[in-house]
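# Structural overview
Residues per chain, in single letters:
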Amino acid sequence: MFFGGWFSVYLFYQFFVGMLTLYLLFFPFFLYSFIPCGEYTSDDLPLWGLVGDLQHDINSDNNKHFIYTHRIINVKYNGDQIIHINLIQDSPKSLEVGKLEMTYSVSWISTNITFAQRFDIYLDYPFFEHQDLKMNVSEVEYFRTANVISLHWFSIFNLFMMVIFLTGLVTMILMRTLRNDYAKYAHEDDDLETQEKDISEESGWKLVHGDVFRHPRNLVLLSAVVGTGAQLVMLVLLVILLAIIRMLYIGRGAIVTTFIVCYALTSFISGYVGGGLYSRSSGESWIKSMVLTASLFPFMCFGIGFILNIIAIFYGSLAAIPFGTMVVVFIIWAFISFPLALLGTVVGRNWSGTPNNPCRVKTIPRLIPDKKWYLTPSVISLMGGLLPFGSIFIETYFLFTSFWNYKVYYVYGFMLLVFLLLIIVTICVTIVGTYFLLNAENYRWQWTSFFSAASTAVYVYLYSIYYYYVKTNMSGFFQTSFYFGYTLMFCLGLGILCGAVGYLGSTLFVRRIYSNIKCD
């Protein structure tokens with residue numbers, strides 16, 4: 001009754017928060033559509049401009065394509081340093097077969113803004129912080145800027161409430177549900193009749209203590225993804241901290257370069273975690289596990305990037321990655337990342353690879369009984385990603401807008417808080433799912449705990465589909481392939497990261513509850 005009452009209150013709270021979030025997030029921007037534009041750089045300053053536009057033809061029911069044939073470039077300078085560049089498009093002409101005369105004009109404007117402050121103009125404070133600018137342009141603009149409530153702080157508060165509820169739920173499982181179970185196993189002076197009665201009343205997770213530490217299927221792949229996920233956790237934390245300290249949004253490509261270098265330097269973690277996990281599970285093909293851990297995620301990203309690069313070359317786009325850059329990235333992986341992953345695997349096998357399970361594994365596997373549909377691994381895996389996705393939903397919106405709408409993302413402090421809370425929420429949700437699975441006498445919890453957390457990436461990808469059709473005006477095979485290709489790369493990394501966090505959290509939980517009972 002206690003749990004049911006608090007759960008109902010929490011559901012009502014989440015419904016209220018969801019409605020308020022939808023209002024704050026979508027209502028101010030639903031009349032604004034993102035128009036595809038070109039991005040250039042000059043002196044490391046981003047330069048955006050519309051290539052063309054699509055307008056409705058009043059003489060017919062069809063839409064006409066227009067292309068801007070004149071560019072007005074305004075350059076602000078301070079001494080001999082460029083401070084700001086602005087591009088304005090003019091003279092739209094109907095896109096028809098024939099020659100077009102393209103012109104441009106440049107104006108130089110002196111300014112008192114210093115060189116160190118030249119990137120401040122690119123930081124969209126109203127968008128990221130919902131400040132009140134009191135711009136009486138139109139009713140739509142009023143509703144857009146009148147939100148004095150910071151949406152970021154509102155999302156952080158919602159996350160804290162979610163964390164409190166989930167940690168309370170996990171604590172209740174550990175302190176109330178398991179305490180009575182421990183008491184049955186702690187009786188040493190009970191008579192034989194009482195012990196036989198307790199054994200006959202055993203049910204749930206206690207019955208699978210002889211199988212819960214049985215080796216999972218596809219152990220090589222599991223150790224590889226868990227090791228890679230542990231590395232990605234450290235990678236994201238390191239990059240966010242560096243972005244907070246060094247303001248990585250200033251330099252062109254600084255974030256991407258930092259990701260590549262930090263990934264190579266943190267490869268030791270993936271080898272250590274993956275090698276230790278594989279050795280503790282008495283795996284024999286440790287070389288195969290070592291190579292797969294070191295190359296799984298880089299080769300997936302390389303495969304997606306290679307396909308997108310072929311498409312960019314076919315369309316003659318500047319988005320194609322130069323061959324020299326690809327060679328440099330491969331050299332970094334081959335001579336830094338791969339050796340560090342191999343070293344980590346060797347160290348992990350020797351330092352943390354000794355099997356030390358609390359319960360002995362029985363020779364004959366126990367049959368898994370049929371349970372209700374909502375206790376099956378597939379349903380638990382799909383449901384496990386809902387709350388973690390809800391915890392990063394708002395930040396995902398800002399990240400997508402920054403990447404696809406040419407905004408400079410700079411609120412890395414909020415990102416750090418959201419990321420830390422995402423880890424806590426993922427661990428708590430996965431622990432609850434693992435407990436329900438074990439209570440259903442299903443001891444194959446390893447992959448379920450991983451997919452339960454990794455399913456967060458599935459919901460992010462589904463949201464990206466919604467974002468593509470509702471929030472952007474992208475069209476054509478080139479834009480569509482690049483959008484969903486890079487989003488797939490991001491979701492693969494997010495899924496591996498969350499899956500590893502969920503698996504490691506469930507491992508600690510399972511070892512904890514079975515270490516306090518008497519196992520034959």
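Residues numbered from 1 in each chain as written. Predicted model: local features only at pLDDT ≥ 70, side-chain atom pairs only at ≥ 80, totals over all residues. Heavy atoms only, no water.

To continue, consider the overall build of the chain. When its secondary structure is counted, the chain shows 15 helices and 6 strands. Taken as a whole, the chain presents about 28,000 Å² of accessible surface, with 66% of it coming from carbon and sulfur. (Helix = DSSP H or I, 4+ residues; strand = E, 2+ residues; numbered from the N terminus. Areas by Shrake-Rupley, 256 points an atom, 1.4 Å probe, with all protein chains shown as cover.)

Another point: the confidence of the model for the chain. Mean pLDDT over the chain works out to 78, with 75% of the residues at or above the 70 mark. pLDDT under 50 marks residues 130-149. Its contacts with residues more than four places away, or in other chains, come to 29 contacts. (pLDDT = per-residue confidence, 0-100. Contact = heavy atoms within 4.5 Å.)

Here we come to the nonpolar core. By size, the foremost hydrophobic cluster in this structure holds 96 residues, and its most contacted members are Val-226, Phe-419, Leu-438, Tyr-483, Leu-497, Val-510 and Tyr-514. It is helix H13 (residues 412-439) that provides the largest number of residues to this core, a total of 17 residues. Those residues within four positions of Val-226 in sequence are excluded, and the remaining contacts are Val-273, Leu-277, Phe-450, Ala-500, Tyr-503 and Leu-504. (Core = buried A, V, L, I, M, F, W, Y, C linked by side-chain atoms within 4.5 Å. Buried < 20%, exposed > 50% of the residue type's maximum accessible area, 1.4 Å probe, protein only.)

Here we take up the packing of helix H12 (residues 386-404) against helix H15 (residues 476-514). Where H12 contacts H15, the axes come no closer than 13 Å and their chain directions differ by 140°. Here H12 is positioned oblique relative to H15, judged by the angle of their axes. When you trace H12 past H15, the crossing you get is right-handed. Contact residues: H12 offers Ile-392, Phe-400 and Trp-404, while H15 offers Phe-482, Tyr-483, Tyr-486, Thr-487, Phe-490 and Leu-494. A class-by-class count of the residues in the contact of H12 with H15 yields 8 nonpolar, 1 polar and no charged. (Axes fitted to C-alpha atoms, helices over the stretch in contact; angles between N-to-C directions. Parallel < 35°, antiparallel > 145°, perpendicular 65-115°, else oblique. Left-handed = near helix turned anticlockwise from the far one by under 90°. Nonpolar A, V, L, I, M, F, W, Y, C, P; charged D, E, K, R; others polar.)

Mapped onto the elements, Gly-433 comes out in helix H13. When its relative accessible area of 12% is taken as the criterion, Gly-433 is described as buried. With 12 residues separating them in the primary sequence, Gly-433 and Trp-445 have C-alpha atoms 9.1 Å apart.

Another point: the pairing of strand S4 (residues 63-78). Successive side chains on a regular strand alternate, one facing one side of the sheet and the next facing the other. Across 12 bridges, the pairing between S4 and strand S5 (residues 81-94) is antiparallel. Within the sheet, the bridge partner assigned to His-70 lies in S5 and is Asp-90. When S4 meets strand S6 (residues 103-110), the two strands line up parallel, connected through 8 bridges. Bridge pairing in S6 links Ile-72 to Ser-105. (Pairing = 2+ DSSP bridges.)

Assignment of secondary structure puts Phe-451 in helix H14 (residues 446-471). Between the C-alpha atom of Phe-451 and that of Cys-498, which follows or precedes it by 47 residues, the distance is 8.8 Å.

All right, on to helix H9 (residues 286-314) then. With 29 residues, H9 should cover 42 Å at 1.5 Å per step; its first-to-last C-alpha distance of 41 Å lies within 8% of that length. The largest bend along H9 reaches roughly 40° and is located at Ser-295, with the proline Pro-298 sitting one to four residues downstream. In the segment just after H9, Gly-316 is the residue with positive phi, at about 65°. (Expected span 1.5 Å × (residues − 1). Bend = angle between axes of the 7 residues up to and from the residue.)

A few words now on the packing of helix H6 (residues 219-246) against H9. At a minimum axis separation of 8 Å, H6 and H9 run at an interaxial angle of 45°. Viewed along their axes, H6 and H9 adopt a mutual orientation that is oblique. The hand of the H6/H9 crossing is right-handed. Residues Val-220, Leu-221, Ser-223, Ala-224, Val-225, Thr-228 and Leu-232 of H6 touch H9, and the partners they reach there are Lys-288, Ser-289, Leu-292, Thr-293, Leu-296 and Phe-297. Here the contact of H6 with H9 is composed, by residue class, of 8 nonpolar, 4 polar and 1 charged.

Now for the packing of aromatic side chains. Under the definition given, this model contains 35 aromatic pairs. Plain terms: the ring middles of Tyr-315 and Phe-478 are 5.3 Å apart, the flat faces sit at 45° to each other, and that makes the pair tilted. Here the residue Tyr-315 occupies a position in the loop between H9 and helix H10 (323-351), and Phe-478 occupies one in helix H15, the gap between them amounting to 163 residues. Taking the relative accessible area as the measure of exposure, Tyr-315 reaches 43% and is therefore partly exposed. Classification of Phe-478 by relative accessible area gives partly exposed; the value is 21%. Ring centres 5.5 Å apart and planes at 70° place the aromatic pair Tyr-397 and Phe-398 in the edge-to-face group. Each member of the pair Tyr-397 and Phe-398 is classed as buried. Put simply, the rings of Phe-389, Phe-393, Tyr-397, Phe-398, Phe-400, Tyr-459, Tyr-463, Tyr-466 and Tyr-467 touch in pairs and so form one group of aromatic residues. (Phe/Tyr/Trp six-rings, centres within 6.5 Å; stacked < 30°, edge-to-face > 60°.)

One can find Ser-481 in helix H15. Classification of Ser-481 by relative accessible area gives buried; the value is 13%. Setting aside residues no more than four positions away along its own chain, Ser-481 makes contact with Leu-308 and Ile-311.

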